[in-house]
Every structure is written in structure tokens, then in C-alpha cells.
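Chain by chain, the residues:
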Amino acid sequence: MKIVHTITELRAHLTQFKHPAFVPTMGNLHEGHLALIAQAKPLGDVTVASIFVNRLQFLPHEDFDTYPRTWDSDCAKLQAAGCDVLFAPNEQELYPEPQTFKVHPPTELADILEGFFRPGFFVGVCTVVMKLFACVQPRVAVFGKKDYQQLMIVRRMVQQFALPIEIVGGETTRAPNGLALSSRNGYLSESERAEAVQLSMALKGLAAVLKAGATDIAVLEAQAMKSLTARGWQPNYLVVRRRSDLQAPTPSDLLGEALVVLGAAKIGATRLIDNFEV
Ligand code: PAF
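The model shown is predicted, which means the values in this text are computed figures rather than measured ones.

1. With respect to the sheet that holds strand β6 (residues 166-170)
Alright, step 1. Reading across from one edge, β1-β4-β3-β2-β5-β6 is the order of the six strands in this open sheet, with parallel pairing throughout. Looking at the sheet topology across the chains shown, the edges are occupied by β1 (2-4) and β6. Strand-to-strand twist in this sheet, taken as the mean axis angle between neighbours without regard to direction, amounts to 25°.
Alright, step 2. In this structure, strand β5 (residues 140-144) lies alongside β6, joined through five bridges in parallel fashion. In the sheet register, V142 faces β6, and the bridge partner there is V168.
Alright, step 3. This element, helix α7 (residues 121-136), spans β2 (20-25), β3 (46-51), β4 (85-87), β5 and β6 of the sheet and lies at about 145° to β2.
Alright, step 4. The strands that helix α8 (residues 148-160) touches are β5 and β6; relative to β6, the one it contacts most, it runs at about 170°.

Put into C-alpha cells, the structure is as follows:
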């Protein structure tokens, strides 16, 4: 695997390829990331991953400084997964001056759900993704469905800017008990880790009753919030949304519209997210 730290080196190396397939990450890689690499591999003539912990998408009180940086094991995992190129710029390389030009996604997509609880998050994500796309110039990029809203916003951004990049969604990788793999699972204590699957179970339960024909969405959402709260969680949201635009479904949407249930909740000091398509 070729490791490059500068945009110049990256561009020079990629000139020999026509169809890069790209997986952007913030490192601290787990099986979920490696599944995205495996998915990307047959989609291009070179597989590129990036590791960059993007300050722009963290709020001041969030975990930018403590976000786990696990360089040696990340490199070993990417190498073993058959990644061809790792682009790992430092902040000086990617943001040599304050990044005053930013990509602002539309509020109706970016200020709801994750964007409501993490204001500015999707401005940070879109800005860095746009910049990473400019560096790598991929033909295909793979993003995990665990970050469902991120995937949708990146898709729309690429579409609206007419970028020649196909955005592919990767299924969420789960632990045997159903817990969605996440770099932030590493923050969980042993007891929190055992409890953490309850978020997935609550969302899966919600998806199951919807599939079975339930229509009283507001009641179901409130019950799911209440039962997680009773277990000691601090839920931000557990909601049913239309897959197409992440807006609340109207009664007529329940008949034919594809839906997704999404949730975010804190267990102890750790905030987890998950979702299930209905
Ligand atoms: O999903 C992530 O890890 C990040 O949001 C991304 C896409 C690498 C941008 O920093």
C-alpha cells in the first residue's frame, strides 16, 4: 500500500489510474470501514482510503482532541484489506489557511436530526468531502449507511454540483448482538457496551411494527424514546422518516413511501447513532 501525506504526491501517484474508488475515513478503523474498502475494490482500478480527523465537523465541546488516532493499526488493517493508496494529510496540508470557503448544505436536509443536535456538522462534512474529492478525484466513493443522513447529503451535493462521482452506500456492519460498529464504541465501558445494543433494538422494533402496518408513528416514536430513557439513556431522537428526503411521512406516505427509522442517543458520555430501512 502506498502511503501519501501530500496532495502533490497523491495526484502524481494517481495519474496512472483512470477510475479511483475512494473511501474517506477519520481513522480508528473497524470491520465496518474494511467492509467499505472491500465494496470499493471491484468498483475502480485503484482503491484509495483517506484518514483525516476533520476539525470542521466537531463542535467545540465535542471529542476532536480525544478522537482515537490509531495510525499503526489503521495502516495494518488497510494493507490487509487490499487498499492500494492511503491519503493521510495533516491539518496544515488540508487546511493550510483557515477554510473560509465552505459548502453549506440546504437547511431542510442539514439542520434536522444530526444537524439539529450538532449544528454545523454537515457544513464541516460537506466541506471536507468536497476537498477530499478535489484531491483524490475519485470516480466512485463509498460511504456507510450507518451515517444515513451524511450519505444522503453527500449524494445530493455531488448531484447538485454535477461532480462526476458515483456515490455508493455500504450496509452497516454489526457486532453479533446487532450493535452497529462505530469508532465511538471504543469509548464504552463494559457495561455500557452490553447496553449499547438497545438503541439498535429499539429502532429495529420500530421498523418491525411499521412493516407490520402500524400507522400511529408519533405514539411509537414517543414509546421508543420513553423506553430508552427508562433504561438510563439520554435519547436525542428516535424517528420515522421518508428515505427520499428524511422528512416526517404524511399518512399517505405510509402506504407506499420507503421509510427509514433513525436514532441518536447518549449512553453515559457516549453518543451513538443507528438506523434501519423499513
Ligand atoms: O464518516 C466519516 O468518517 C466522516 O464524516 C468523513 C466522511 C470521513 C468526513 O470527515
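On we go from here.
2. Focus on the environment of Q150
Alright, step 1. The topology assignment puts Q150 in helix α8.
Alright, step 2. Since its relative accessible area comes to 16%, Q150 is described here as buried.
Alright, step 3. For the pair Q150 and L10, spaced 140 residues apart in sequence, the C-alpha separation works out to 25 Å.

3. Here's the deal with the site of the ligand
Alright, step 1. Neighbouring the ligand are the residues P24, T25, M26, N54, Q57, V128, F143 and Q150.
Alright, step 2. Summarising the interface, the protein chains cover 88% of the accessible area of the ligand, which totals 290 Å² for the free molecule.
Alright, step 3. When the residues that make up the shell around the ligand are grouped by side-chain class, the tally is four nonpolar, four polar and no charged.

4. Focus on the packing of α7 against α8
Alright, step 1. Orientation of α7 relative to α8, taken along the N-to-C sense of each, is 55°, at an axis distance of 11 Å. Here α8 runs oblique to α7, going by the angle between their axes. The way α7 lies across α8 gives a crossing that is right-handed. Every residue of α8 that contacts α7 at F121, F122, V125, C126, V129, M130 and F133 is listed here: Q149, Q150, I153, V154, M157 and V158.
Alright, step 2. When grouped by side-chain class, the residues that make up the contact of α7 with α8 number eleven nonpolar, two polar and no charged.

5. Comments concerning helix α1 (residues 7-14)
Alright, step 1. Within α1, the full set of buried residues consists of I7, L10, H13 and L14. With its buried residues spanning 135° around the axis, α1 presents them on a single face. Seen from the buried face of α1, the exposed residues on the opposite side, beyond 90 degrees, are T8 and A12.
Alright, step 2. Along its buried surface, α1 packs onto β1, β3, β4, α4 (91-94) and α7.

What counts, and at which threshold
Residues numbered from 1 in each chain as written. Predicted model: local features only at pLDDT ≥ 70, side-chain atom pairs only at ≥ 80, totals over all residues. Heavy atoms only, no water. Pairing = 2+ DSSP bridges. Helix = DSSP H or I, 4+ residues; strand = E, 2+ residues; numbered from the N terminus. Axes fitted to C-alpha atoms, helices over the stretch in contact; angles between N-to-C directions. Contact = heavy atoms within 4.5 Å. Buried < 20%, exposed > 50% of the residue type's maximum accessible area, 1.4 Å probe, protein only. Near = heavy atom within 4 Å. Areas by Shrake-Rupley, 256 points an atom, 1.4 Å probe, with all protein chains shown as cover. Nonpolar A, V, L, I, M, F, W, Y, C, P; charged D, E, K, R; others polar. Parallel < 35°, antiparallel > 145°, perpendicular 65-115°, else oblique. Left-handed = near helix turned anticlockwise from the far one by under 90°. Arc of directions from axis to C-beta.

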